[in-house]
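# Structural overview for review
As a plain string of letters, each chain reads:
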Amino acid sequence: MSTTAPELPESLRERKQLGHDDAFRFGCHPRVACFNQCCADVNILLTPFDVLRLARRLRMHTRDFLQRYTLMPITKDLHLPVVMLRMNDEDGKKCHFVGAQGCTLYDDRPWACRMYPVGMALPPAKAGVEPEPLYFLFEDAFCHGREEPTEWSVDRWRHDQGVPEREAIEAGFRDVVGHPWFIGGRQLDPKRMELFHTACYDLDAFREFVFESSFLTRFEIEPAVVEAIKTSDEALLAFAFRWLRFALFAEPTLTVRARGPESGRNP
Ligand code: SF4
Ligand code: SF4
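Residues numbered from 1 in each chain as written. Chains lettered and ligands numbered in written order. Predicted model: local features only at pLDDT ≥ 70, side-chain atom pairs only at ≥ 80, totals over all residues.

## Brief notes about the overall build of the chain
A count of helical and extended segments in the chain gives eleven helices and twelve strands. Residues classed as buried in the chain amount to 21% of the 267 residues present. (Helix = DSSP H or I, 4+ residues; strand = E, 2+ residues; numbered from the N terminus. Buried ≥ 20, exposed ≤ 12 C-beta atoms within 10 Å, placed from the backbone.)

As structure tokens, this is what we get:
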């Protein structure tokens, strides 16, 4: 490692840790002997923006996409719901989106598919500390990409794969999942778990909640924000993360509209 960085979590200590500028060799193209082998029987966690982009690409409501193409594994270690790409139960457990020439949704491929062979871990949340991601190298035996000559650093690879732009869109997501509220192993109750899942992953349902319920009469939302979230998925996603900090952790990220004097007289 070229820089002094905190160590990887215990479960990842076997992996080779990489600093931002550390070099590794990698190349992936149809001429590698293993082409497409990694797009089957693999655990791919989807971020909120992954779900959104894949649903848009397939012209599906986010709820329908989630039902058809994802799994929500439930284990007692998870403090928040996670969403994984569902592999095809038949056809060798291939990813639904792999074709003879590679990923058929390449421009909208998920974060994890872009990052590979680089992995990332976030250290446990600490109050007042912005978590600094830690990087490591997957050295899977089946992958011949590491025998290719092109040399990368973590930062150059991430830029090449369009990762920082996507991460910037969902910066608010990391603020929620790494929130100090979780320090000490606190758990959300099932209702708040459901809120989290809807706001982060089922964005079309969240849009219906905002625009087709009493939401906009209950909260004072800046008019420019209301306009933006009507038409921009990215703006709505950012707003969803902001709302979650209010709904899950009682942070003052939204203002409840003052009730009129007549409202108190209503039954
Ligand atoms: S989404 Fe694309 S890159 Fe990712 S596993 Fe499926 S086919 Fe492969
Ligand atoms: S196994 Fe490695 S080199 Fe082969 S297709 Fe997958 S990422 Fe590319």
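## As for the site of ligand 2
Lining the immediate surroundings of ligand 2 are Cys-28, Val-32, Cys-34, Phe-35, Asn-36, Gln-37, Cys-38, Tyr-116, Phe-142, Cys-143, His-144 and Gly-145. Looking at the shell around ligand 2 residue by residue, the classes come out as eight nonpolar, four polar and no charged. (Near = placed C-beta within 6 Å. Nonpolar A, V, L, I, M, F, W, Y, C, P; charged D, E, K, R; others polar.)

## Here we look at the nonpolar core
In terms of nonpolar packing, the biggest core is built from 43 residues, with Val-51, Leu-236, Leu-237, Ala-240 and Leu-244 touching the most fellow members. When residues of this core are sorted by domain, at least three fall in each of domain 1 (11-177) and domain 2 (184-256). If we ignore the near neighbours within four places in the chain, the residues touching Val-51 are Leu-46, Thr-62, Phe-65, Leu-66, Val-83 and Tyr-201. (Core = buried A, V, L, I, M, F, W, Y, C linked by C-beta atoms within 7 Å. Domains from an automatic or database assignment. Contact = placed C-beta atoms within 7 Å.)

## A word on the sheet that holds strand E4 (residues 70-71)
Read across the sheet, three strands follow the order E3-E5-E4 without closing on themselves; strand pairing throughout is antiparallel. Edge positions in the sheet fall to strand E3 (45-46) and E4, since each has one partner strand and no second. (Pairing = 2+ DSSP bridges.)

## Section: helix H7 (residues 190-201)
An ideal rise of 1.5 Å per residue puts 16 Å on twelve residues; H7 measures up with 16 Å between its terminal C-alpha atoms. For H7, the complete set of buried residues consists of Thr-198, Ala-199, Cys-200 and Tyr-201. As for H7, its buried residues are in contact with helix H1 (48-57), helix H2 (62-69), strand E5 (83-85), helix H6 (171-177), helix H8 (203-212) and helix H11 (233-249). (Expected span 1.5 Å × (residues − 1).)

## As for the packing of H8 against H11
Interaxial distance between H8 and H11 falls to 11 Å at its minimum, and their mutual angle equals 75°. Looking at the two axes, H8 sits roughly perpendicular to H11. For the pair formed by H8 and H11, the contact residues are Leu-203, Phe-206 and Arg-207 on the first element and Asp-233, Leu-236, Leu-237 and Ala-240 on the second. Class assignment of the residues belonging to the contact of H8 with H11 gives a composition of five nonpolar, no polar and two charged. (Axes fitted to C-alpha atoms, helices over the stretch in contact; angles between N-to-C directions. Parallel < 35°, antiparallel > 145°, perpendicular 65-115°, else oblique.)

## Focus: the site of ligand 1
Near ligand 1, the surroundings consist of Cys-39, Ile-44, Cys-95, Phe-97, Val-98, Cys-103, Leu-105, Arg-109, Pro-110 and Cys-113. The residue makeup of the shell around ligand 1, split by class, is nine nonpolar, no polar and one charged.

## A word on the domain arrangement of the chain
According to the domain assignment, the chain contains domain 1 (11-177) and domain 2 (184-256). Each of domain 1 and domain 2 was reduced to a C-alpha centroid, and the two centroids are 25 Å apart. Contributions of two or more residues to the side of domain 1 that touches domain 2 are made by H1, H2 and H6. Residue classes in the side of domain 1 that touches domain 2 are distributed as eleven nonpolar, four polar and three charged.

## Digging into H8
When we look at burial in H8, the residues that qualify are Leu-203, Asp-204, Phe-206 and Val-210. Each buried residue of H8 lies within a common arc of 155° when the element is viewed along its axis, so the set occupies one face. In this structure, the buried residues of H8 make contact with H1, H2, H7, helix H9 (215-218), helix H10 (223-231) and H11. (Arc of directions from axis to C-beta.)

## Brief notes about the environment of Asp-89
Position of Asp-89 among the secondary structure elements: in the loop between E5 and strand E6 (98-99). For the pair formed by Asp-89 and Arg-63, sequence separation is 26 residues and the distance between their alpha carbons is 20 Å.

## A closer look at the environment of His-20
Relative to the helices and strands, His-20 is located in the loop between strand E1 (16-18) and strand E2 (23-25). Residue class for His-20 comes out partly exposed when judged on the 15 C-beta atoms lying within 10 Å of it.

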